[in-house]
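# Survey of secondary and tertiary structure
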Amino acid sequence: MRNSRITGIGRHVPDRVITNFDLEKMMDTSDEWIRERTGIQTRHWVREGDTLSGLAYNATMKALDMAGKKPGEIQFIIFASLASDHEFPGGGCFLQKKLGIPGVPAMDIRNACSGFVYGLSVADQFIKTGMYDTILLVGAEIQSTSLDLTTRGRDVSVIFGDGAGAAVITPTEKEEKGVLTTHLHADGTFADKLWADAPSVNDNPRISKALVETDRIYPKMEGRFVFKHAVTRFPEVIHEALAAAGYTKDDLDLVIPHQANRRITEAVAHQLQLGMDKVYSNIERYGNTTAASIPIAISEAVEQGLIKENSLVCLASFGAGFTWASALIRW
Ligand code: UT7
């Protein structure tokens, strides 16, 4: 039996930085409210001409560089995102074109904030069975172009940022190394607690002039409801991974939770009885980048030396669906 390992990790965010003060000019909000309620100070938003596959490509090239691999060595692309460059096909195909590797399979995963951990679990299975030896897993998101930038949409719009993270996943024969266990969950009962209602295939026609004048096209969230579920599901799914691999929270070197809200991350640390030095947070600089948040955080934590050879790292996510997931990794 072989395990899968992340041997390359990279990130890329657009260079346009949006401060809370910039948002104050667009809607009735304040730097104080955003910092207190979310911890966010800045986020990166795309400018005209940026593309989702472009962000993903840049992150991918950094991950490949770290892994010492070339695009031609990729055997499978897993692309986690709510979006694509266009309505269809999926973003993995646009990334594959940019990488110049026609014929390589490209699969999209639309599990929002859990997309990267879901993708890691899929990659892990393909590596374990021996089907592939080099898998590219990307979490990439452009949220800024979908937001209601008026006061009506302020609860959601101040949170989200754009960006991409990429991981190159390869096998290891050492059974104590790499991805030790993954755990995936979903509960569609709460799909409408965090979603964009339209465009919907249930509308005929799917897109009309009348529709674009409604607020159905914007992402919406019942913030407090989502918050309450998040602070329960994060510790639960982390404990699930620890128990499955025979570890306790004291064995952990680092927890990387999806960056949803600084208060959620602090609540997770509190419930696990871990210091904030063991629970990674960068939401102040990026906001919530959905599927990109975990790989961006891994890439920073590796660079900062918080993750090194043999570190025990737990990834955990919660988001739209609802979906939640965890992965325990021996680096
Ligand atoms: O990534 C996927 C998972 N996502 C999450 O886990 C997010 C979970 N939810 C949250 O992070 C928080 O619920 C939010 C940050 C979205 C909102 O924070 P909250 O503390 O739950 O605020 P709230 O929605 O209960 O609103 C409190 C007040 C309201 O005013 P009233 O009714 O008390 O007068 C809102 O209208 O804050 C108001 N408000 C704002 N004020 C200034 C909401 N958004 C804003 C804003 N600026 N941007």
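Look up: the structure comes first, before these words.
Residues numbered from 1 in each chain as written. Predicted model: local features only at pLDDT ≥ 70, side-chain atom pairs only at ≥ 80, totals over all residues. Heavy atoms only, no water.

### A closer look at the packing of helix α3 (residues 52–67) against helix α4 (residues 91–99)
Quick note on the threshold: For helices, the fitted line uses only the C-alpha atoms of the stretch in contact; every axis is such a line through C-alpha atoms, and the angle between N-to-C directions lies from 0 to 180 degrees. Strands here mean DSSP runs of E at least two residues long; helices mean DSSP runs of H or I at least four residues long; both are numbered from the N terminus. Oblique is the label for any angle not covered by the other classes, which are roughly parallel (under 35 degrees), roughly antiparallel (over 145) and roughly perpendicular (65 to 115). Left-handed describes a crossing in which the near helix is turned anticlockwise from the far one by less than a right angle; the clockwise case is right-handed. Contacts between residues were defined by any pair of non-hydrogen atoms, one from each residue, lying within 4.5 Å.
As a packed pair, α3 and α4 sit with axes 9 Å apart at the nearest point and diverge in direction by 55°. When the axes of α3 and α4 are compared, the pair comes out oblique. As α3 packs across α4, the resulting crossing turns out to be right-handed. Seen from α3, the contacting residues are S53, G54, A56, Y57, T60 and M61; seen from α4, they are F94, L95, K98 and L99.

### Section: the site of the ligand
Our working rule: A cutoff of 4 Å decides nearness: a residue is near a molecule or strand if any of its heavy atoms lies inside that distance of it. The definition of a polar contact used here is a pair of N or O atoms within 3.5 Å, where within protein one atom must be able to donate a hydrogen and the other to accept one, and adjacent residues in sequence count solely through side-chain atom pairs. The method behind every accessible area is Shrake-Rupley, applied with a 1.4 Å probe, and residues are considered shielded solely by the protein chains displayed. A pocket here means an open set of points on a 1 Å grid, computed over the protein atoms alone, that has protein on both sides within 12 Å along at least five of seven lines. A cavity is instead a set of points where a 1.4 Å probe fits but cannot get out; residues with an atom within 4 Å of a point line either one. More than half of a molecule's atoms lying within 2 Å of a cavity's or pocket's grid points is what places that molecule inside it. Any residue that is not Ala, Val, Leu, Ile, Met, Phe, Trp, Tyr, Cys, Pro, Asp, Glu, Lys or Arg is counted as polar, Gly included; the first ten are nonpolar and the last four charged. In this entry, domain limits derive from an automatic or database-based domain assignment.
Near the ligand lie 23 residues; those nearest to it are T29, R37, R224, N261 and N288. At 2.8 Å from an oxygen atom of the ligand is found a side-chain nitrogen or oxygen belonging to R37. Within the backbone of G223, one N or O atom sits 3.1 Å away from a nitrogen atom of the ligand. When the ligand sits alone it has 950 Å² of accessible area, and the protein chains cover 75% of it. Comparing atom positions with the cavity grids shows the ligand to sit within the second largest pocket. Those elements that place two or more of their residues in the shell around the ligand are α2 (31–38), α6 (154–157), α8 (223–245), α9 (262–272) and β12 (312–319). Among the residues making up the shell around the ligand, the classes are represented as 11 nonpolar, 7 polar and 5 charged. The residue makeup of the shell around the ligand includes at least three contributed by each of domain 1 (3–172) and domain 2 (178–330).

### Focus on the packing of α8 against α9
A pair of packed helices is captured by two measures, namely the crossing angle of their axes and the spacing between those axes. Two numbers describe how α8 lies on α9: the axes approach to 9 Å, and their chain directions differ by 45°. By the angle between their directions, the pair α8 and α9 is classed as oblique. Seen along the crossing, α8 lies across α9 with a hand that is right-handed. For the pair formed by α8 and α9, the contact residues are F227, A230, V231, F234, P235, I238 and H239 on the first element and R263, I264, A267, V268, Q271 and L272 on the second. Grouping the constituent residues of the contact of α8 with α9 by class yields 10 nonpolar, 2 polar and 1 charged.

### Quick look at the nonpolar core
The nonpolar side chains of a soluble globular protein tend to be buried, and buried together. Rules: Only buried Ala, Val, Leu, Ile, Met, Phe, Trp, Tyr and Cys residues count toward a nonpolar core, and they belong to the same one when joined by side-chain atoms within 4.5 Å. Throughout this description, buried means an accessible area under 20% of the type-specific maximum (1.4 Å probe, protein chains only), exposed means over 50%, and partly exposed covers the range between.
Counting 41 residues, the largest nonpolar core has I238 and L252 as the members making the most contacts within it. No other element matches the 8 residues that α8 contributes to this core. Two domains each provide a minimum of three residues to this core, namely domain 1 (3–172) and domain 2 (178–330). When near neighbours in sequence (up to four residues on either side) are disregarded, L252 contacts L242, L274, K278, L312, C314 and L328.

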